[in-house]
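Coordinates in review
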Amino acid sequence: MKISRAVALLLAFVLLACAVFVSVSRKPAGTHRTVFYFPSMDTDKLCTEVRYLPDDPVQGDLSYYVDELLLGPMTNRYKFLFSLGTKAEFCSLEDDVLYLGLSKDALFKAKDSVDIKTGIKLLRVNIVKQFTEIKTVLVYIDGKSVFEEG
């Protein structure tokens, strides 16, 4: 009798553990897994952050991704690419070239963001890794072209 009670308890525990694992590891419906790269505040390393973005956002996958990237990291101890308030003024893809205009807020360096040159480099890295069909990202701030590709 004691053995069957122990087996039943063990079985219940295993089933509970499986249920918790499945519910935690399951992606939300209508979303896809997306990776963002942000610099760490503590080291010189580039860190990844996984988010689940909607499958069919109104503004399109690329514009939505850029908007999320500009909002910055959700993880503590990661740096922003640009100062808070930076927004995409335009985001236009022609063939394999992305034309991306940022608001003038991108010109200001905040203590929790990287310098502008690093921010633009990481912006390009994020976009090209997520959207492999894009070969060139031309960035404009307040309507003026910044830093050549490379």
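Everything below is about the structure printed above this text.
A brief report on the enclosed structure follows.

With eight of 11 residues buried, helix α2 (residues 61-71) lies mostly within the body of the structure. Restricting attention to buried positions, one finds in α2 the residues Leu62, Ser63, Tyr64, Tyr65, Val66, Glu68, Leu69 and Leu70. Each element contacted by the buried residues of α2 is listed here: β1 (31-39), β2 (46-54), β3 (88-94), β4 (97-102) and α3 (116-130). Looking one or two places after α2, you find glycine 72, whose phi comes out positive at around 95°.

Okay, the nonpolar core next. Among the nonpolar cores identified, the biggest contains 27 residues, and Phe82, Leu102, Leu123 and Ile127 are the most heavily contacted of them. Contributions of two or more residues to this core are made by β1, β2, α2, β4, α3 and β5 (136-141). In terms of residue count, α2 provides more of this core than any other element does, six residues in total. With residues near it in sequence (within four places) discarded, phenylalanine 82 still touches Leu70, Leu102, Ala106, Ser113, Ile116, Gly119, Ile120 and Leu123.

All right, on to a nonpolar patch on the surface then. The grouping of Leu10, Phe13 and Val14 at the surface amounts to a nonpolar patch, some 310 Å² of accessible area in total. Among the secondary structure elements, valine 14 is positioned in helix α1 (residues 2-25).

What follows covers the pairing of β5. Note: β4 against β5, six bridges, orientation parallel. Within β5, the residue paired with tyrosine 99 across the bridge is leucine 138. As for the winding sense of the linkage, the β-α-β connection from β4 through α3 to β5 is right-handed. Strand direction decides the pairing type here: β5 and strand β6 (residues 144-145), joined by two bridges, are antiparallel. Each bridged residue has a counterpart across the sheet, and for isoleucine 141 the counterpart in β6 is lysine 144. Hairpin connection, β5 to β6: the antiparallel pair is bridged by two residues, and aspartate 142 has positive phi, about 55°.

Conventions we followed
Residues numbered from 1 in each chain as written. Predicted model: local features only at pLDDT ≥ 70, side-chain atom pairs only at ≥ 80, totals over all residues. Heavy atoms only, no water. Buried < 20%, exposed > 50% of the residue type's maximum accessible area, 1.4 Å probe, protein only. Helix = DSSP H or I, 4+ residues; strand = E, 2+ residues; numbered from the N terminus. Contact = heavy atoms within 4.5 Å. Core = buried A, V, L, I, M, F, W, Y, C linked by side-chain atoms within 4.5 Å. Patch = residues over 30% accessible without salt bridge, like charges linked within 9 Å, V, L, I, M, F, W, Y side chains within 5 Å. Areas by Shrake-Rupley, 256 points an atom, 1.4 Å probe, with all protein chains shown as cover. Salt bridge = Lys/Arg side-chain N within 4 Å of Asp/Glu carboxyl O. Pairing = 2+ DSSP bridges. Right-handed = clockwise from strand over helix to strand, strands pointing away.

By themselves, these figures tell us nothing about what the structure is for.
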